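# Results of the structural survey
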Amino acid sequence: MTLNVFFNPFLYTIKFYNLMKYRYCGKSGLQMPVVSLGLWHNFGDADDFGVATDIIVSAFDLGICHFDLANNYGPAPGSAETNFGKILRKELASHRDEMLITSKAGHEMWPGVYGDGSSRKNLMASINQSLKRTGLDYFDIFYSHRYDGVTPVEETMQALIDIVRQGKALYVGISKYPVHLQQKCYDILKEAKVPCLVSQYRYSMYDRKIESGNLECAASNGSGMVAFSPLAQGLLTDRYLNGIPEHSRAARATGFLQKEQVSDARVEASRKLNEIAQHRGQTLAQMALAWVLKDERMTSVIVGASSVRQLNDNIKCIENLEFSSDELSLIDGILKDPALSF
Ligand SMILES: NC(=O)c1ccc[n+]([C@@H]2O[C@H](COP(=O)([O-])OP(=O)(O)OC[C@H]3O[C@@H](n4cnc5c(N)ncnc54)[C@H](OP(=O)(O)O)[C@@H]3O)[C@@H](O)[C@H]2O)c1
């Protein structure tokens, strides 16, 4: 439980938010904390509800007021939204206006023809279900989770526009769209006066693909950019430096990180990066997050965490987001091995 019940909530909030740094999301008036929390793993029915509660409440106390959900997060799909809604009502109910809560639709949610993809049918049904599961009146941002390879972007973007006009979300975003369709999405949304607030892509020292187009496309269109999996699912932390620990994402049957992805080449590179981090007075996780945030076009990193300890570690990245040119060339030298990239 937060201390909010014992202290003036306003003063309490000010005190803790001062530790956080915020950036404007693209050309909008909306600020985001530079560190956000994602609920892809660790918040489903397969996970410990008490730990999940502690992580969410601690995140909010640290000024991490941005929580990133999707319809299919679990397992079971949907359970992360249901659990988040329960925690919100029990622990943080009076703080809704201080929180930025997002969801998405577009990946498989249930078996069947309308349970997957980016059609209007799927997005409209999905946001209604997500609102019901979380108990929210609206999402702050609703994303198209992906281009599904078939649905015309005009159809998907029109669904997003209508979701805003119906008051079910305040803003919209896109995720993982290839660069030629990314521009088309921005154009359609801009024309309808529902601009694309934010674009969400995978970005880390081990996955720099967005540097060759998506990042610049977002910036030049005034869309913010948030990076998901900035720690490469744990590979850019001390988690796997000495093998694969029990209960880690790579060890868990429900984890998305495969054991084979914890390759010798990546572990060796992470050890070398860890040495640079130590010289900077940071943990490897802190340096990996700072490395993403050194680019001012990056609005926020969406981290995952399986414990409050990890969150406390990660948040300290904000104490040093600067890199010397020597540090950057040392890091680039380590990253040039193509075997490292996902
Ligand atoms: N738009 C999309 O398609 C998409 C796709 C994927 C993710 N996302 C979003 O991005 C969020 C973050 O993704 P992610 O969970 O892959 O992010 P990540 O931050 O790269 O990885 C998180 C994992 O790294 C480990 N970790 C975190 N901090 C650590 C620390 N200080 N020390 C040691 N280990 C640490 C934990 O693994 P253990 O569990 O092993 O402890 C944690 O679960 C998701 O929750 C979701 O909201 C979006």
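Criteria and thresholds
- Residues numbered from 1 in each chain as written.
- Predicted model: local features only at pLDDT ≥ 70, side-chain atom pairs only at ≥ 80, totals over all residues.
- Helix = DSSP H or I, 4+ residues; strand = E, 2+ residues; numbered from the N terminus.
- Buried ≥ 20, exposed ≤ 12 C-beta atoms within 10 Å, placed from the backbone.
- Near = placed C-beta within 6 Å.
- Nonpolar A, V, L, I, M, F, W, Y, C, P; charged D, E, K, R; others polar.
- Pairing = 2+ DSSP bridges.
- Axes fitted to C-alpha atoms, helices over the stretch in contact; angles between N-to-C directions.
- Contact = placed C-beta atoms within 7 Å.
- Right-handed = clockwise from strand over helix to strand, strands pointing away.
- pLDDT = per-residue confidence, 0-100.
- Core = buried A, V, L, I, M, F, W, Y, C linked by C-beta atoms within 7 Å.
- Parallel < 35°, antiparallel > 145°, perpendicular 65-115°, else oblique.
- Left-handed = near helix turned anticlockwise from the far one by under 90°.

What follows covers the overall build of the protein. Counting its regular elements, the protein contains 11 helices and 10 strands. Summarising its shape, the C-alpha atoms of the protein cover approximately 50 × 50 × 40 Å along the three principal directions. The proportion of buried residues among the 342 residues of the protein is 45%.

With that settled, consider the site of the ligand. Among the 31 residues in the neighbourhood of the ligand, the closest are listed as Gly-38, Trp-40, Phe-228, Gly-234 and Gly-304. Where the shell around the ligand is concerned, the elements lending two or more residues are β10 (298-303) and α10 (308-315). Among the elements that make up the shell around the ligand, the one with the highest residue count is α10 (three residues). Considering only residue class, the shell around the ligand consists of 10 nonpolar, 15 polar and six charged.

What follows is about the sheet that holds strand β4 (residues 66-68). Read once around its circumference, the closed barrel built from eight strands follows the order β3-β4-β5-β6-β7-β8-β9-β10, with strand pairing classed as parallel. Taking each pair of neighbouring strands and ignoring which way they run, the sheet shows an average axis angle of 30 degrees. Relative to strand β5 (residues 100-105), β4 is paired through three bridges, and the arrangement is parallel. For Asp-68, the partnering residue across the bridge sits in β5 and is Thr-102. Strands β7 (169-175) and β8 (196-202) of the sheet are contacted by helix α6 (residues 179-191), whose axis makes an angle of about 165 degrees with β8.

Take the pairing of strand β6 (residues 139-144) next. Remember that side chains alternate between the two faces of the sheet whenever the strand is regular. Counting buried positions over the six residues of β6 gives five, a clear majority of the element. Across four bridges, β5 lies against β6 in parallel orientation. Looking at β6, one finds that Ala-105 is bridged to Ser-144. Following the chain from β5 across helix α4 (residues 120-134) to the adjacent parallel β6, one finds a crossover that is right-handed. Examined bridge by bridge, β6 and β7 share five bridges and lie parallel to one another. If you follow Ser-144 over to β7, its bridge partner there is Ile-174. Regarding the hand of the β-α-β motif, the stretch spanning β6, helix α5 (residues 153-165) and β7 is right-handed.

The element helix α9 (residues 284-293) is largely enclosed, with a buried count of 10 among its 10 residues. Listed as buried for α9 are Leu-284, Ala-285, Gln-286, Met-287, Ala-288, Leu-289, Ala-290, Trp-291, Val-292 and Leu-293. Here the buried face of α9 lies against β3 (35-38), β9 (224-228), α8 (264-279), β10, α10 and α11 (325-335).

Across the protein, pLDDT averages 94, with 95% of residues at or above 70. Note on residues 1-17: pLDDT is under 50 here. Beyond four places in sequence and across chains, it has 14 contacts.

This paragraph deals with the nonpolar core. Val-172 and Leu-289 are the most contacted members of the largest nonpolar core, which totals 92 residues. Sort the elements by how many residues they give to this core and α9 lands first, with nine residues. Discounting chain neighbours no more than four positions away, the residues touching Leu-289 are Val-35, Pro-230, Val-301, Val-303, Asn-314 and Cys-317.

In the segment running from Gly-74 into Pro-75, the intervening peptide bond is cis, with an omega of -10 degrees. On the secondary structure map, Pro-75 appears in the loop between β4 and α3 (79-91). The linkage connecting Pro-75 with the following residue, Ala-76, adopts the cis geometry, with an omega of -10 degrees. Along the polypeptide, Ala-76 turns up in the loop between β4 and α3. Positive phi, normally seen in glycine, also occurs at Lys-193, with a value near 60 degrees. Within the element layout of this structure, Lys-193 appears in the loop between α6 and β8. Even without being glycine, Ala-232 reaches a positive phi, approximately 50 degrees. Note that Ala-232 resides in the loop between β9 and α8.

Let us look at the packing of α8 against α9. Two numbers describe how α8 lies on α9: the axes approach to 8 Å, and their chain directions differ by 85 degrees. The orientation of α8 with respect to α9, classified from their angle, is roughly perpendicular. Listed contacts from α9 to Ser-270, Leu-273, Asn-274, Ile-276 and Ala-277 of α8 are Leu-284, Gln-286 and Met-287. Classifying every residue of the contact of α8 with α9 gives five nonpolar, three polar and no charged.

On to the packing of α4 against α5, then. Running from amino to carboxyl end, α4 crosses α5 at an angle of 30 degrees, the nearest separation of the two axes being 8 Å. When the axes of α4 and α5 are compared, the pair comes out roughly parallel. The element α4 and its partner α5 pack so that their crossing is right-handed. Touching Arg-120, Leu-123, Met-124 and Ile-127 of α4 are Glu-155, Thr-156, Gln-158, Ala-159 and Ile-163, all from α5. Taken together, the residues of the contact of α4 with α5 sort by class into five nonpolar, two polar and two charged.

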